[in-house]
Amino acid sequence: MTTSLPAAPDETRTVGAQPKASGGGALRQLRHRPEVGALIGTLSVFVFFAIFGGEKFLAPAGAASWLNIAAELGIIAIPVGLLMIAGELDVSVGSVLAASSMTLAIVSGYWGAPMIVGIVCALGLGLLIGLLNGIIVTRTNVPSLVVTLATLSGLAGLTLGLSRATTGTTSVAIQPDPLSKALFGQLIAGQFEVAIFWWLGIAAVVTVVLQMMKYGNWIFAIGGDKESARATGIPVARVKIALYMASGFGAALVGVIQTILYNGAQVANGQSFVFNSIIAVVVGGVLLTGGYGSVVGVVLGTLTFAIVNQGIYYTGWNSDWASLILGVLILTAVLMNNTFRRLALSASRPAKKA
């Protein structure tokens, strides 16, 4: 008896690996890419705010305002996007960020340990929480939304309680050493966070993994049909646990970056990242049902979110309209991404039959 990868993930994987168009040329081939909808959205909002925001939006300070937000959000959104491609969710990233921030601040700020010790403890905490999330989801088959929502709430309470018990406060200052500041909290030209380079580096590495290695094919296959993927010998549980650990690590890394950048941490940090990361991923073309998406799309979705989030302030309009614009953007992006997804899959089927 022979088995094969499920059809949907295989088609999706083919889309992500630049399918061959049947004579339509470069433009025809481009429209079959999963991130095309996200690219159109990013260019549209950029042009829109460039027109209405004027020189201030395009100035270095304006660009820094949305690039810095995109970088921090993107570091979390990329692993969250991989989880969503695999058909899972992680809404615990906000509490992981806060817990990691407080861990670094307490270990290296309040207790005075070397910065490297605090950073390792903070990143290790993110990996540990991701490991626990992954084990619970794979062993119990409880929906990942429920598991990570419980982690979000429980970890927030634990961080608050332990911080008060240890330091007597919910805010802890820290004085990072020059090397840590240069690696995680440096402002290039006094405006651009070094986190931008972390974001781009992570995006490049994950793109290679997702598009050029068998591990990426496993992620798409699991998101398409995990039972069929398991039948082919793919280690579904281990892949999901690894993805949850990556999500926890990404949130912890942003916690470290923020703590060193702002010379301190608070227990309330990070909660905005919970749904903002999911919004950026969805705008980037990843399906909530799994099996479809790309890292480039997530990067573009993150940029789109950041531009809308900050661009409204450069127009001189009432900032209350930002939520409305973002809501319309999300709905439009989902509809547009569904259209391009159908085009992409319809293009891959004839090649497969041949």
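Residues numbered from 1 in each chain as written. Predicted model: local features only at pLDDT ≥ 70, side-chain atom pairs only at ≥ 80, totals over all residues. Heavy atoms only, no water.

**Considering the overall build of the protein chain**
Link 1 in the chain: Within the protein chain, the regular secondary structure consists of 15 helices and four strands.
Link 2 in the chain: Counting across all 354 residues of the protein chain, residues that qualify as buried make up 51%.
Link 3 in the chain: Long-range pairs, those at least 24 residues apart, make up 78% of the contacts in the protein chain between residues at least 6 apart in sequence.
Link 4 in the chain: With the model as given, the accessible surface of the protein chain reaches about 15,700 Å², and the carbon-plus-sulfur share is 67%. (Helix = DSSP H or I, 4+ residues; strand = E, 2+ residues; numbered from the N terminus. Buried < 20%, exposed > 50% of the residue type's maximum accessible area, 1.4 Å probe, protein only. Contact = heavy atoms within 4.5 Å. Areas by Shrake-Rupley, 256 points an atom, 1.4 Å probe, with all protein chains shown as cover.)

**With respect to the pattern of salt bridges**
Link 1 in the chain: All told, the structure shown has two salt bridges when counted by the stated rule.
Link 2 in the chain: For the salt bridge of E88 with K240, the shortest nitrogen-to-oxygen distance reads 2.5 Å. Within this pair, whereas E88 is found in the loop between α4 (60–85) and α5 (93–110), its partner K240 is found in helix α12 (residues 236–262), the two being separated by 152 residues in sequence.
Link 3 in the chain: According to the relative accessible area criterion, K240 is buried, its value standing at 5%. (Salt bridge = Lys/Arg side-chain N within 4 Å of Asp/Glu carboxyl O.)

**Digging into helix α3 (residues 36–58)**
Link 1 in the chain: Its 23 residues give α3 an end-to-end C-alpha distance of only 24 Å, which falls more than 12% under 33 Å, the value for a rise of 1.5 Å per residue.
Link 2 in the chain: The sharpest bend along α3 measures roughly 95 degrees and falls at F52.
Link 3 in the chain: V36, G37, A38, G41, T42, V45, F49, A50, G53 and F57 are the residues of α3 that are buried. (Expected span 1.5 Å × (residues − 1). Bend = angle between axes of the 7 residues up to and from the residue.)

**Topic: helix α7 (residues 144–167)**
Link 1 in the chain: The end-to-end C-alpha distance of α7, which contains 24 residues, comes to 33 Å, matching closely the 34 Å that a straight helix rising 1.5 Å per residue would cover.
Link 2 in the chain: On its buried side, α7 packs onto α5, α6 (115–140), β1 (171–173), α12 and α13 (273–283).
Link 3 in the chain: Downstream of α7 by a residue or two, G168 has a phi angle that is positive, lying close to 80 degrees.

**Examining the packing of aromatic side chains**
Link 1 in the chain: One pass over the full model with this rule turns up nine aromatic pairs.
Link 2 in the chain: For the ring pair F48 and F52, a centre distance of 4.8 Å and an interplane angle of 45 degrees mean the geometry is tilted. With F48 and F52 both in helix α3, this residue pair falls four residues apart, about one helical turn.
Link 3 in the chain: Ring centres of F57 and Y314 lie 6.1 Å apart, and the angle between their planes is 70 degrees; this geometry places the pair in the edge-to-face category. Separated by 257 residues along the polypeptide, F57 in helix α3 and Y314 in helix α14 (residues 295–315) bring together distant segments of the chain.
Link 4 in the chain: A connected cluster of aromatic rings, assembled from ring pairs, spans F46, F48, F49, F52, F57, W66 and Y314. (Phe/Tyr/Trp six-rings, centres within 6.5 Å; stacked < 30°, edge-to-face > 60°.)

**What about a nonpolar patch on the surface?**
Link 1 in the chain: Together, F46, V47, F48, I51, F52, L58 and W317 give the surface a local cluster of nonpolar side chains, amounting to about 650 Å² of exposed area.
Link 2 in the chain: Note on placement: W317 falls in the loop between α14 and α15 (321–353).
Link 3 in the chain: Residue class for W317 comes out partly exposed when judged on its relative accessible area of 38%. (Patch = residues over 30% accessible without salt bridge, like charges linked within 9 Å, V, L, I, M, F, W, Y side chains within 5 Å.)

**Quick look at the side chain of S144**
Link 1 in the chain: Positionally, S144 belongs in helix α7.
Link 2 in the chain: Take S144: its relative accessible area is 8%, and that puts it in the buried class.
Link 3 in the chain: Residues contacting S144, with those up to four places away along its chain left out, are E88, L89, V137 and Y244.

**So, the nonpolar core**
Link 1 in the chain: Counting 79 residues, the largest nonpolar core has I76, M84, L104, I119, W199 and V256 as its most contacted members.
Link 2 in the chain: The greatest single-element share of this core, amounting to 14 residues, is contributed by α4.
Link 3 in the chain: If near-sequence neighbours (up to four positions away) are discounted, I119 is found in contact with L104, S180, F184, V256 and I260.
Link 4 in the chain: If you look at the next biggest cluster of nonpolar residues, it comprises six residues, including M102, A105, I106 and V267. (Core = buried A, V, L, I, M, F, W, Y, C linked by side-chain atoms within 4.5 Å.)

**Remarks on the environment of G248**
Link 1 in the chain: If you trace the backbone, G248 turns up in helix α12.
Link 2 in the chain: For G248, a relative accessible area of 4% corresponds to the buried category.
Link 3 in the chain: Between the C-alpha atoms of G248 and V96, which are 152 residues apart in sequence, the distance is 6.6 Å.
Link 4 in the chain: Residues in contact with G248, not counting those within four places in the same chain, are V96, G126 and L127.

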